[in-house]
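Descriptive structure summary
Below are the chains, spelled out letter by letter.
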Amino acid sequence: MFSKVLIANRGEIAVRIARALDELSIASAAVYSELDRDAPHVRRAGEAYLLGGPAPAESYLNIERILELVRRCGAEAVHPGYGFLAENAGFARACEEAGAVFIGPPASAIEAMGSKTRARELMRAAGVPIVPGTVEPVADLDAARRIAAEEIGYPVAVKAAGGGGGKGFRVALEEGELQAAFEGAAREGEKFFSDPTVYLERYLPDPRHVEVQVLADAHGNTIHLGERDCSIQRRHQKLVEESPAPAWIVDAQMRERIGTIAVEAARAVEYRGAGTVEGLVASGSSDYFFLEMNTRVQVEHCVTEMTTGVDIVKEGIRVAAGEPLSLRQEDVALRGHAIECRINAEDASKRFAPAPGRIGSYVEPSGPGVRVDSGVRAGSEVSPMYDPMVAKLIVWDSNREAATRRMLRALGEYEIEGLKTLIPFHRALLATEQWARGETCRDLLEDKAWLKTLAFAKPPPTEKDDEQSVEQAYTVEVSGRRFDVRVIGPPSAAGASNGAAPAPGRPTRGVARKKGAAAAAMRGSDTLASPLQGNVWKVPVKQGQHVKEGQIVTIIEAMKMENEITAHKAGIIGELPISPGDAVRIGDPLAVIKDA
Ligand code: MV4
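Keep in mind that what you see is a predicted model, and the values were worked out from it rather than measured.

1. Description of helix α6 (residues 116-125)
- Buried within α6 we find Lys116, Thr117, Ala119, Arg120 and Met123. Considered in projection along α6, the buried side chains sweep an arc of 160° and stay on one side of the axis.
- For α6, the secondary structure elements touched by its buried residues are α5 (107-114), β6 (156-164), β8 (198-202), α9 (252-268) and β13 (288-294).

2. Thoughts on the sheet that holds strand β30 (residues 571-575)
- A sheet is described by the order of its strands in space; here four strands give the open sequence β25-β32-β30-β27, paired in antiparallel fashion. Across the chains shown, the open sheet's two edge strands, defined by having one partner strand only, are β25 (527-529) and β27 (546-547).
- Of the strand pairs in this sheet, β27 and β30 are connected by two bridges, and their pairing is antiparallel. Looking across to β30, one finds that His546 is bridged to Ile572.

3. Focus: the sheet that holds strand β26 (residues 534-538)
- Read from one edge to the other, the open sheet built from four strands follows the order β29-β28-β26-β31, with strand pairing classed as antiparallel. Looking along the sheet, the strands with just one partner apiece sit at the ends: β29 (561-566) and β31 (583-584).
- Each of β26, β28 (552-558) and β29 touches helix α8 (residues 178-193); the most contacted strand, β29, lies at about 105° to it.

4. With respect to the pairing of β6
- Most of β6 is tucked away, with eight of its nine residues classed as buried.
- Examined bridge by bridge, β6 and strand β7 (residues 167-172) share five bridges and lie antiparallel to one another. Pairing of Gly164 across the sheet is with Lys167, part of β7.
- In this antiparallel pair of consecutive strands, β6 and β7, the connection spans two residues, and Gly165 shows a positive phi of 60°.
- Bridge count for β6 against β8 is five bridges, and the pairing is antiparallel. Looking at the pairing, Lys159 lines up with Tyr199 of β8.

Cut-offs applied
- Residues numbered from 1 in each chain as written.
- Predicted model: local features only at pLDDT ≥ 70, side-chain atom pairs only at ≥ 80, totals over all residues.
- Heavy atoms only, no water.
- Buried < 20%, exposed > 50% of the residue type's maximum accessible area, 1.4 Å probe, protein only.
- Helix = DSSP H or I, 4+ residues; strand = E, 2+ residues; numbered from the N terminus.
- Arc of directions from axis to C-beta.
- Contact = heavy atoms within 4.5 Å.
- Pairing = 2+ DSSP bridges.
- Axes fitted to C-alpha atoms, helices over the stretch in contact; angles between N-to-C directions.

Written as structure tokens, this is what we have:
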């Protein structure tokens, strides 16, 4: 077994991996960006090293720097978590070349599944059912027209070959819509994956997203841990996941069938470690079609851990070290029902706009059947630079109905001050008839009137009296390695001496005052300020135009995501100092909206 592993990630998944390493008596090394000096994942690991600046390219995507730290700290393996470098075959290879084990599948399996057309071809050859359509890239619009009309039939889905997770996915309900869908998918493929090739699939109306967790070792064992239903999605972002799927969607017989399909899919690419085979179940049928395979541990792996008792992260580490899986297929038993709600720093009432900010007081739910995997704590700053998912709330109970009630109880216990999150959205969603009936809730997730009811009250000013604490915790970096120190003395003198970030929960006077002033300046202002850093993609409004509160003013691309920025008030667009292509930073004015 390894003696030390470097965790090449941040947030809740880095904490999750550190916990698994701890239980396996493996030392853990965290890495962090300048923004994450005081993040929980940094404190949770045994040691921690600075990667570089806040931007992912300088930090969590900085392959050279990560490999340099692997050598320096003496880690024998690297755990990539999810996102960032997790599905980067080049990184997996670079790790092996540097003499470190990449905790994940072989680079060849990442590559095979990374190209969606290649994956479809391999799956078809392996007898895995794929959504009917092409397994080769479609050369041009004329070819697409012919194939859609003669071979597939409308409606068709146009998907980017380099895509996945819904990026570069367009639908054409009829021939008249094909050109826009084709060009849109190709453009998005080019933008996100530097690959404009697309393929076609039959479009399945209102399907369910059902995925199967697999585990494979290097001793010929490939098993599955049942399915997760992730049908509650908005703009291809999963919001709620459950395991098992509602009993009326997947019964024991179907579970065995799709489990076998998933194991075949994994075997076809000589998979190792933890992976997920995603599929669609057509509405009102039990037909199951392979969609894609995620070659990493997933955000929602926890619901499967709750119903099987298997520690998926630990199994992945064991397998990477050459050990066999700790269980066989016949040892897998599903018990009860688990649900996960993603706690994102987003405002559902404003089209799920990112809502970064600083957390004030913070209390996680607990009690029977409740698990919280989080990457934040009181005082944490949630940056627009990274994923808005700050925590996951997972509950288990004996059946779906009981688990739903337990989730509502736990959501009620969750206290996050100062940050808008999806907690009110989840409380409302899980209380609906649609959820109780196990529907996909598509209409509800786009229902403006319903979402509007989830608006946040204006927060009262929370500026607290300055603390008179004499003990202060600081982070110091010595040659790029992080250490925690405590300084006893007058707070201002200690703060000025080294300029290090103060420990969370103990804001210095300067920081507290600046925050308060900025917040006061924004309140009641006509200026719509950018909540994030990125590039202006679209500006669907004009100067002089009347806008309603919540109407889209601009779409900003950041972190490969399109973020809709909506009017904070109704009125007339006075100034509009932005146009497509402009780079904007946090706080930059996007528009001035005058009272009508
Ligand atoms: C589809 C589809 C219908 N037909 N493919 C792909 C990525 C994933 N995030 C959703 N994807 C879909 N692919 C074909 N051929 C519908 C979706 C889809 C979806 C599927 C299940 C549950 C919720 C969904 C929400 C949006 C789109």
